[in-house]
Amino acid sequence: MYDIAIIGAGPAGASAAIFAAKAGKKTVLFDSDKGMTKRAWVENHYGVPEISGPELVETGKKQAAKFGAELVEAQVTDVQKTDGGFRLETEAGSYEAKHVIFATGLATDLAEKIGLRTKPGTEPRIKTVLDVDANGKTNIDGIWAAGTVAGVSVHTIITAGDGAKVAINVISELNGERYVDHDVLKK
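So, how was this worked out
Residues numbered from 1 in each chain as written. Predicted model: local features only at pLDDT ≥ 70, side-chain atom pairs only at ≥ 80, totals over all residues. Heavy atoms only, no water. Helix = DSSP H or I, 4+ residues; strand = E, 2+ residues; numbered from the N terminus. Rg over C-alpha atoms; globule rule 2.2 N^0.38 Å. Buried < 20%, exposed > 50% of the residue type's maximum accessible area, 1.4 Å probe, protein only. Contact = heavy atoms within 4.5 Å. Areas by Shrake-Rupley, 256 points an atom, 1.4 Å probe, with all protein chains shown as cover. Pairing = 2+ DSSP bridges. Axes fitted to C-alpha atoms, helices over the stretch in contact; angles between N-to-C directions. Left-handed = near helix turned anticlockwise from the far one by under 90°. Nonpolar A, V, L, I, M, F, W, Y, C, P; charged D, E, K, R; others polar.

### Digging into the overall build of the chain
A count of helices and strands for the chain gives four helices and 11 strands. Computed over the C-alpha atoms, the radius of gyration of the chain is 15 Å, within 12% of the 16 Å expected from 2.2 N^0.38 for a compact globule of 187 residues. Principal axes of the C-alpha set define a box for the chain whose edges measure 45 × 45 × 30 Å. Across the 187 residues in the chain, those meeting the buried criterion constitute 48%. Taking the contacts inside the chain whose residues are at least 6 apart along the sequence as the reference set, 53% of them involve residues at least 24 apart. A total accessible area of about 9,600 Å² is found for the chain, and carbon and sulfur atoms account for 50% of it.

Right, dumping it as structure tokens:
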């Protein structure tokens, strides 16, 4: 069983996977290859002069894998509550996790299907988002949301930061104490 399953491998999802895996949590990251970042050109991302959306997504997935996240290239088609967490159904099989993070960008169909509450979006072209609290928690205990699907701005640097924030909150809940990830320069 995974500690954390993340649906969506764009900036929010991959960032959440980076932090979760680096914290030693058994992490699986699902990529349906349908994210809007795949069509983006980015020149306003801190620390990156310019990059194509596809390159940014691939870099994020590689960083997550570097820390031990398992990448599954498949669409999640269902999420069901189990005794110990959740079962995620995909075209590639079933996976179980204690916590789930939705980082699905514009896509809310699966979230609505399993009973997550939504609300109107405030960004241009974002009609519906998931209703989350300040920590990223949804109305179903153990399911979280990060990035655009959680009502955060579509800008990659902001969604990545939100994915990291939500992952830190999930890690903190799993650990039973506040988690901090801060490295120092290597000499």
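### Focus: the pairing of strand β7 (residues 86-90)
Alternating positions in β7 separate cleanly, Phe 86, Leu 88 and Thr 90 being buried on one face and Arg 87 and Glu 89 remaining unburied on the opposite face. Of the pairings in the sheet, the one linking strand β6 (residues 76-81) to β7 comprises five bridges and is antiparallel in character. Residue pairing in the sheet places Val 79 in a bridge with Leu 88 of β7. Here β6 folds back onto β7, and the loop between the two strands holds four residues, one of which, Gly 85, carries a positive phi near 155°. Across five bridges, β7 lies against strand β8 (residues 93-102) in antiparallel orientation. Counted as the bridge partner of Arg 87 is Glu 96 from β8. Turn length for the β7-β8 hairpin, with the two strands adjacent in sequence and antiparallel, is two residues.

### Here's the deal with the packing of helix α1 (residues 11-22) against helix α4 (residues 156-175)
Two elements in contact, α1 and α4, have axes whose closest approach is 7 Å; the angle formed by their N-to-C orientations is 40°. Handedness of the crossing formed by α1 with α4: right-handed. Of the residues in α4, those touching α1 at Pro 11, Ala 12, Ser 15, Ala 16, Phe 19 and Ala 20 are Thr 156, Thr 159, Ala 160, Gly 163, Ala 164, Ala 167, Ile 168 and Ile 171. Partitioning the contact of α1 with α4 into residue classes produces 10 nonpolar, four polar and no charged.

Don't take any of this as a statement about function, it's just geometry.
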